[in-house]
Amino acid sequence: MSLALPRAAVPPWKVPPAAAVVAVVALLAVPLGPAAGGSGAHPADAVSALVVLYCAARLVRERRRPLSRTAAVVLGLPVLGLAVAAAGAASPGAALGGLGRYLQVFVLVPAAVVLLARGPGDVRLLSWACTGLALCQGAVGTHQYVTGTGASYQGEQVRAVGTFGAQDVMGMATVVSLGLVCAVGLALGRGPVRERAVAAGCAVVLLAPLAFSFSRGAWIATAVACAAQLLLAGARRALAAGAALLAAGVVLVGGFGVGTAMLQERVGSIARVADAPDRSVTDRYTMWSAAIGMWRERPVTGVGLKGFPAERDAHASLALSSGSETDGAGAGYVRQPLLSPHNMYLLVLAEQGLLGLTALAGSWLALLALGLRRLRPARRWTGGTGTGAGACPPCGGLVGCGLLVWQLTDFAYADIGGPSTVLTAVSLGLAAHWALGSGVPGVPGVPEVSGVSGVSGVSGVSGEEAR
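Since the structure is predicted, the reported quantities are computational estimates derived from the model, not experimental observations.

Draft legend 1. Representation of the packing of helix 12 (residues 279-297) against helix 13 (residues 308-315). At a closest axis distance of 9 Å, the pairing of helix 12 and helix 13 adopts a crossing angle of 100 degrees. Taken as axis vectors, helix 12 and helix 13 run roughly perpendicular relative to one another. For the pair formed by helix 12 and helix 13, the contact residues are Met287, Ala290, Ala291, Gly293, Met294 and Glu297 on the first element and Phe308, Glu311, Arg312 and His315 on the second.

Draft legend 2. Structural view of helix 9 (residues 216-233). An ideal rise of 1.5 Å per residue puts 26 Å on 18 residues; helix 9 measures up with 26 Å between its terminal C-alpha atoms. By the burial criterion, the buried members of helix 9 are Arg216, Gly217, Ala218, Trp219, Ala221, Thr222, Ala225, Cys226, Gln229, Leu230 and Ala233. Just downstream of helix 9, Gly234 is the residue with a positive phi angle, here 125 degrees.

Draft legend 3. Representation of the nonpolar core in the model. With 108 residues, the main nonpolar core has Tyr102, Phe106, Met344, Trp364, Leu423 and Leu436 as its most contacted residues. The biggest single contributor to this core is helix 14 (residues 344-381), with 13 residues. Each residue touching Met344, except ones within four places of it in the same chain, is listed here: Tyr102, Phe106, Trp364, Phe411, Ala414, Asp415 and Ile416.

Draft legend 4. Expanded view of the environment of Gln229. Inspection of the secondary structure assignment puts Gln229 in helix 9. Taking C-alpha positions, Gln229 is 5.8 Å from Gly402, a pair spaced 173 residues apart along the chain. Not counting residues within four places of it along the chain, the set of residues in contact with Gln229 comprises Val181, Val184, Gly185, Leu188, Leu398, Val399 and Gly402.

Draft legend 5. Region of the structure containing the side chain of Ser48. Examined against the element boundaries, Ser48 turns out to sit in helix 2 (residues 43-62). Owing to a relative accessible area of 2%, Ser48 belongs among the buried residues under this scheme. Sequence-distant contacts of Ser48, defined by excluding residues within four places in its chain, comprise Val24, Gln104, Val109 and Val422.

Draft legend 6. How the structure looks around the pairing of strand 2 (residues 156-159). Inspection of the sheet shows strand 1 (residues 151-153) paired to strand 2 by three bridges, in the antiparallel sense. Considered in strand 2, the bridge of Ser152 is made with Gln157. Hairpin connection from strand 1 to strand 2: two residues lie between these consecutive antiparallel strands, with Gln154 at a positive phi of about 55 degrees.

Draft legend 7. Just the environment of Leu210, in detail. If you trace the backbone, Leu210 turns up in helix 8 (residues 193-212). The exposure class of Leu210 is buried, given its relative accessible area of 6%.

Draft legend 8. Up close: the packing of helix 3 (residues 69-76) against helix 4 (residues 78-87). Contact geometry of helix 3 with helix 4 gives a least axis separation of 5 Å together with a crossing angle of 35 degrees. Contacts between helix 3 and helix 4 pair Val74, Leu75 and Gly76 from the former with Pro78, Val79 and Leu80 from the latter. Considering only residue class, the contact of helix 3 with helix 4 consists of five nonpolar, one polar and no charged.

Draft legend 9. Fine view of the packing of aromatic side chains. Applying the stated criterion across every chain yields a total of nine aromatic pairs. Consider the rings of Trp364 and Phe411, whose centres lie 5.1 Å apart with planes at 35 degrees: the pair is tilted. In this pair, Trp364 sits in helix 14 while Phe411 sits in the loop between helix 15 (395-410) and helix 16 (421-435), placing the two residues 47 residues apart along the sequence. Each member of the pair Trp364 and Phe411 is classed as buried. Taken together through their ring pairs, the aromatic side chains of Tyr102, Phe106, Tyr345, Trp364 and Phe411 make up a single cluster. It is Arg374 that lies over the ring of Trp434; its NZ or CZ is 4.2 Å from the centre.

Draft legend 10. Structural detail: the pattern of salt bridges. As enumerated under the stated definition, the model contains four salt bridges in all. As a salt-bridge pair, Asp45 and Arg101 come within 3.1 Å of each other at their nearest N and O atoms. Here Arg101 lies in helix 5 (residues 92-116) and Asp45 lies in helix 2, a separation of 56 residues in the sequence. Accessibility expressed as a relative area gives 11% for Asp45, which makes it buried. A salt bridge links Glu195 to Arg124; its shortest N-O distance comes to 3.3 Å. Of this pair, Glu195 sits in helix 8 while Arg124 sits in helix 6 (residues 120-147), and the two are 71 residues apart along the sequence.

Draft legend 11. View of unusual backbone geometry. In this structure, Phe214 is a non-glycine residue whose phi angle is positive, near 60 degrees. Mapped onto the fold, Phe214 is located in the loop between helix 8 and helix 9. In this model, His342 sits at a positive phi of 55 degrees, which is unusual for a non-glycine residue. For His342, the position within the fold is in the loop between strand 4 (331-336) and helix 14. Look at His342 and you get partly exposed, because its relative accessible area is 30%.

The rules behind these values
- Residue positions within a chain follow its written sequence, with the count starting from 1.
- Given that this is a predicted model, residues contribute local features only at a pLDDT of at least 70 and side-chain atom pairs are listed and counted only at 80 or more, while totals for whole chains, interfaces and linings are drawn from all residues.
- Hydrogens and water molecules were not included; the side-chain quantities draw on all heavy atoms of the structure.
- Throughout, an axis means a line fitted to C-alpha atoms (over the contacting stretch in the case of helices), and angles, computed between N-to-C directions, take values from 0 to 180 degrees.
- Labels follow the DSSP assignment, with helices taken as runs of H or I lasting at least four residues and strands as runs of E lasting at least two, numbered in each case from the N terminus.
- Oblique is the label for any angle not under 35 degrees, not over 145, and not in the 65 to 115 range, which are roughly parallel, roughly antiparallel and roughly perpendicular in turn.
- Contacts were defined at the residue level, with two residues in contact if any of their heavy atoms lie within 4.5 Å.
- Take the residue count of a helix, subtract one, and multiply by 1.5 Å to get its expected span.
- Burial classification: accessible surface area is computed with a 1.4 Å probe over protein chains only, and a residue below 20% of its type maximum counts as buried, one above 50% as exposed, and the rest as partly exposed.
- In plain words, nonpolar cores are sets of buried Ala, Val, Leu, Ile, Met, Phe, Trp, Tyr and Cys residues tied together by side-chain atoms within 4.5 Å.
- Paired strands, as defined in this entry, are two strands with at least two bridges between them according to DSSP.
- Each residue gets one of three labels, nonpolar for Ala, Val, Leu, Ile, Met, Phe, Trp, Tyr, Cys and Pro, charged for Asp, Glu, Lys and Arg, and polar for the others, Gly among them.
- Pairing of aromatic side chains here covers Phe, Tyr and the six-membered ring of Trp, requires ring centres within 6.5 Å, and sorts the geometry by plane angle: under 30 degrees stacked, over 60 edge-to-face, intermediate tilted.
- Definition used: whenever NZ (Lys) or CZ (Arg) falls within 6 Å of the ring centre and also within 35 degrees of the ring normal, the charge is taken to sit over that ring.
- Each salt bridge in this description consists of a side-chain nitrogen of Lys or Arg and a carboxyl oxygen of Asp or Glu lying within 4 Å of one another.

Structure (structure tokens):
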């Protein structure tokens, strides 16, 4: 008689490949100290490179083609303009530095997110990671505002900048905004009622640190993205969520006194950018004009990667100041040179010309069109009424489309730079994962959109999506 040995117990948990991307997001919560400021490479950038290598190693081990033809074309389209602009750069160092940064943010990391996030559970994991990072940075920023230990704004150290420091005043605003968009997508999408309620609460909490960031561009982009998510979720849900946000705003302003004179002045300045612009707006208009002047000289290929700082003085008017002033948040007074137009579209137009802008913006618009195309049949299958958990569209679609809308709006007021740029790459990856994925999770009969190769057609309703 032989005794059959029992099989080795299967571990009750298994780390998904998308956890590597979560590590990149989590590292953005690590403070680097005042000396680091907003300059230099962040540990999250180094780990994002390791994530790309890890993704490549998994593809070699699994012996499968990484991306379908459509996904490869959409994600690889920016490479065309980047290659031409790198060839026209002023020096090999500028060419390699600019090419590496653009490939990291707009090609390699988004492609890695598409390949490592295998399903709705991974998308939820990454969305909650972004929300958690936003809550951490928002808590630090709120403390800075309340205690007067933030970055300097109108002579007072009240501007919330999180752990990014005064030299990267947009870092916390970007992180909080993207986390808020993820929370809204989770709250409006299909999922357990408790999870949606917690996500809605997180979105309301993140409104305060977003206001304390004093970032007009982040306010506008977040309002546009959340409005788009509400409309995509259905008219009735949009009205209900709008009423809840209005009530939260009344409580914040009336009950807790969030609406200080500085905030009211900052909000009012949005409508005065053309009539009586402040110093920062005047500098931005001047740099926009300089970028257009560079494009007119070389309309097809631009002045080359990293060429804007060198060409700025030759094209800017005397209205441009010598630099921006930063102070507070644990660092001393620093005067920073203005080295970019703070407009991603004009930066690409100046350095890469029409060829580069067409390729890069074409990739983004293709992702948006494919994402909206996938979301429409998902809403139609669920009834599109916006009532009940079963009628909610997939949270991956709302998160992906919302993040992409936020980026496309924010790029009119900002460009890439600083540690938070790696989170831009992750958000574009989440948008690409939805737009280029295979079918709509949980929606039978919806055709594929030619995403990740090797993934079979649409299956039935999964347990996670049916809840």
